[in-house]
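Remarks on the overall topology
Each chain, written out:
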Amino acid sequence: MATVNFISHLASPASVYLLFLLSTTAAAINVTTVLSSFPNLSSFSNLLVSSGIASELSGRNSLTLLAVPNSHFSSASVDFTRRLSPPKLADLLRFNVLLQFLSDSDLRRISPSGSAVTTLYEASGHVFAGSGSVNVTRDPASGSVTIGSPSSSKSVTVLKLLETKPPNITVLSVDSFLVPAGIDLTASETLIPPTSGMSPPPAGINLTQILINGHNFNVALSLLVASGVITELENDDHGAGITVFVPTDSAFSDLPENENLQSLPADKKAIVLKFHVLNSYYTLGSLESITNPVNPTLATELMGAGSYTLNISRVNESIVTINSGLVLAIVTQTAFDQNPVSVFGVSKVLLPKELFPKPGQPVSTPATTTPPREASLSPEGSDDQQSRLVAPPGEVVSSSTVKRTRVFLYLCWCIAFWCALLV
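A quick note: this is a predicted structure, and the numbers were derived from the prediction, not measured.

Considerations on unusual backbone geometry
At histidine 215, a position not held by glycine, the phi torsion is positive, near 65 degrees. At tyrosine 308, a residue that is not glycine, the phi angle is positive and equals roughly 50 degrees. As for its position among the elements, tyrosine 308 is in the loop between helix H15 (298-303) and strand E11 (309-315). Judged by relative accessible area, which is 5%, tyrosine 308 ranks as buried.

Right under this line is the structure:
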């Protein structure tokens, strides 16, 4: 019986670990494998592969595909996919990838006014004009779901929900491609067959333009430019990548007067800004499932291991929180996400505890009181130490008094014991 209990205790952690490995493996998305179950989506699947978008999606774990079936792949559609340059074609396909898992129940709960959803196109930072997000609406009378761009009157209609694998991927069959503003399908460009296997060349990361497109990072942008930090980030080869947390304009306006970054010396201001940058690339999905909550920043590299770290965790299944030790912020938006760089808006300015005192905690000053006397290791010293701990305020009991009291109590106990035996 004991052996069985021992084995069951041993097997339980092993089972949990096995389940963890299986869930981690399941979290990775292989778009081509998912689409291979639907022969009517072969043309759409080939476009994702030949444009390089399929490989971009392999590192993500939460998305919805707007897939055009072969039956709706008109000659016009084939024509413009051949006519567009590889970068433009890739951006068009990115616009048809929603960075949110939408289940059937999610679609049924959408209000008539609609719900804004970020696309891979918006996260790439390639948005030319208008918005890179889409608006998903549902007609309560017919139940039909349409998806359109806020900057365009054109929209697509969802024909059918083909596949849903919570919480990773949903495949929606739609009647046509959703085209973002800034891409002219009538423009004549170099003809490159979509099956040529060519991927768009990697574009240089322009953080300045990314933050301008975000429309809500003006203060952060001015600080990054003035400090020269943004130039460092743009010129760096990024190695394992970077993740940038950018406070919104309202986050700066919420700062107390005693925490004004403008008053800091230039070197400390740069440290605070680098404190907002992780030295690894994370998607929003990977932040939600992060296993090691304590993450070093670029400021850690400057100031030493163990300092200037951020604690990242997930609450309520979809909210990512960032704890600086003084401030708890949440991720409010994805401004850019293309390996090896991601940029997220955050609700608070992340203040490092190493530079700012905690609320209500006075700045430490040199002590003015005399240092405590070292405790003696001798028995006499121990008695004296104990007597001082129990003595009334302002009164000290000597060790000899303590000893006499102990002898007296011992004699009283002996007398009482022998008296009880005689009785």
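Observations concerning the sheet that holds strand E7 (residues 169-174)
Here seven strands make up an open sheet; going across it, the order is E2-E1-E7-E6-E5-E4-E3 and the pairing mixed. Sheet topology places strand E2 (97-98) and strand E3 (115-117) at the edges, where each strand pairs with a single neighbour. Summarising the sheet, strand E5 (residues 145-148) and strand E6 (residues 155-165) pair through three bridges and their orientation is antiparallel. Opposite isoleucine 147, over in E6, you have valine 156 as the bridge partner.

Brief notes about helix H3 (residues 42-51)
Within the sequence span of H3, burial applies to Phe44, Ser45, Leu47, Leu48, Ser50 and Ser51. At the exit of H3 stands glycine 52, carrying a positive phi of roughly 90 degrees.

Focus on the packing of aromatic side chains
In this structure the tally under the stated criterion is four aromatic pairs. Considering the side-chain rings of phenylalanine 95 and tyrosine 121, the 5.8 Å spacing of their centres and the 85 degrees angle between planes classify their relative orientation as edge-to-face. Linking phenylalanine 95 in helix H6 (residues 86-95) with tyrosine 121 in helix H8 (residues 120-124), this pair joins segments that are 26 residues apart in sequence. Take tyrosine 121: its relative accessible area is 2%, and that puts it in the buried class.

Observations concerning the side chain of arginine 138
Note that arginine 138 resides in strand E4 (residues 134-138). Arginine 138 has contacts with Leu107, Arg108, Ile110, Ser111, Pro112, Gly143, Ser144 and Val145, leaving out every residue within four places of it along the chain.

Focus: the pattern of salt bridges
Pairs can form between side chains of opposite charge whenever their charged atoms are close. Counted under the stated rule, the structure contains six salt bridges. Of the charged contacts in the structure, one is a salt bridge between arginine 94 and glutamate 56, with a shortest N-O distance of 2.5 Å. Here glutamate 56 lies in helix H4 (residues 53-57) and arginine 94 lies in helix H6, a separation of 38 residues in the sequence. For arginine 94, a relative accessible area of 2% corresponds to the buried category.

Considerations on the nonpolar core
Counting residues in hydrophobic clusters, the biggest one holds 47 residues, and the most contacted among them are Leu65, Leu93 and Ile147. Ranked by the residues each element gives to this core, the list is headed by H6, at five residues. In this view, isoleucine 147 contacts Leu66, Val134, Asn135, Val136, Ser155, Val156, Val158, Leu172 and Leu178; residues no more than four positions away in its chain are not counted. Ala220, Leu233, Leu255 and Val327 belong to the second-largest nonpolar core, a separate cluster that totals 33 residues.

With respect to the sheet that holds strand E9 (residues 277-278)
The pairing of strands in a sheet happens through backbone hydrogen bonds and is either parallel or antiparallel. Spatially, seven strands are ordered E9-E8-E14-E13-E12-E11-E10 in an open sheet, and the strand pairing comes out mixed. Strands with a single pairing partner mark the edges of an open sheet, and in this sheet they are E9 and strand E10 (294-296). With three bridges connecting them, strand E12 (residues 319-323) and strand E13 (residues 328-338) associate as antiparallel partners. When the bridges of E13 are listed, asparagine 323 appears paired with leucine 328. Sitting on the sheet, helix H9 (residues 207-214) touches strand E8 (242-247), E13 and strand E14 (341-346), and the angle it makes with E14 is about 35 degrees.

Calculation criteria
- Residues numbered from 1 in each chain as written.
- Predicted model: local features only at pLDDT ≥ 70, side-chain atom pairs only at ≥ 80, totals over all residues.
- Heavy atoms only, no water.
- Helix = DSSP H or I, 4+ residues; strand = E, 2+ residues; numbered from the N terminus.
- Buried < 20%, exposed > 50% of the residue type's maximum accessible area, 1.4 Å probe, protein only.
- Pairing = 2+ DSSP bridges.
- Phe/Tyr/Trp six-rings, centres within 6.5 Å; stacked < 30°, edge-to-face > 60°.
- Contact = heavy atoms within 4.5 Å.
- Salt bridge = Lys/Arg side-chain N within 4 Å of Asp/Glu carboxyl O.
- Core = buried A, V, L, I, M, F, W, Y, C linked by side-chain atoms within 4.5 Å.
- Axes fitted to C-alpha atoms, helices over the stretch in contact; angles between N-to-C directions.

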